[in-house]
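The lines below spell out each chain.
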Amino acid sequence: MPLSFAKVGESNIIKKISGNDEVRRHLENLGFVVGSDVQIINTLAGNVIVKVKDSRIAINEDMARRIMI
């Protein structure tokens, strides 16, 4: 299931990151690594604020669809 479908406050484990090498590398640099814990903090107009590795990061809906939980 893509991260964009997760509920606010729900904690999930990242299973897979799709996309080309550049997109995957960018998400890994932000902390989105397979096996790490991710939690949705808030959603606003398609954008998602997530907590990953004790940091809050805002990503757009397209990026959130590439992260499978």
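Values in this document were obtained by computation on a predicted structure and should not be read as measured data. (Residues numbered from 1 in each chain as written. Predicted model: local features only at pLDDT ≥ 70, side-chain atom pairs only at ≥ 80, totals over all residues. Heavy atoms only, no water.)

### Notes on the sheet that holds strand β1 (residues 11-13)
Spelled out, the test is: Strands were regarded as paired on the criterion that DSSP finds at least two bridges between them. Counting from the N terminus, the helices are DSSP H or I runs at least four residues long and the strands are E runs at least two residues long. In this description, a line fitted to the C-alpha atoms serves as the axis of each element, helices being fitted only across the stretch in contact, and the angle between N-to-C directions of two axes falls anywhere from 0 to 180 degrees.
Read from one edge to the other, the open sheet built from four strands follows the order β1-β3-β4-β5, with strand pairing classed as antiparallel. The open sheet has two free edges, formed respectively by β1 and β5 (55-59), since each of these has just one partner strand. Going across the sheet, the axis of each strand differs from the next one's by a mean of 35°, ignoring polarity. Strand direction decides the pairing type here: strand β4 (residues 47-52) and β5, joined by five bridges, are antiparallel. Residue pairing for β5: lysine 51 is matched across the bridge by arginine 56.

### Description of the nonpolar core
Our working rule: In this text, buried Ala, Val, Leu, Ile, Met, Phe, Trp, Tyr and Cys residues form a nonpolar core when linked through side-chain atoms within 4.5 Å. Accessible area is worked out with a 1.4 Å probe on protein chains only. A residue is then buried under 20% of its type maximum, exposed over 50%, and partly exposed in between. The contact criterion used is simple: two residues touch if any of their non-hydrogen atoms lie within 4.5 Å.
Leu3, Phe32, Val38, Val50, Ile59 and Ile67 are the most contacted members of the largest nonpolar core, which totals 17 residues. Breaking this core down by element, the ones donating at least two residues are α1 (21-30), β3 (37-44), β4 and β5. Broken down by element, the residue count for this core peaks at three residues, all from β4. Look past the residues within four positions of valine 50 in its chain and what remains in contact with it is Leu3, Phe32, Val38, Gln39, Ile40, Ile41, Ser55, Arg56 and Ile57.

By themselves, these are just geometric observations and shouldn't be taken as functional.
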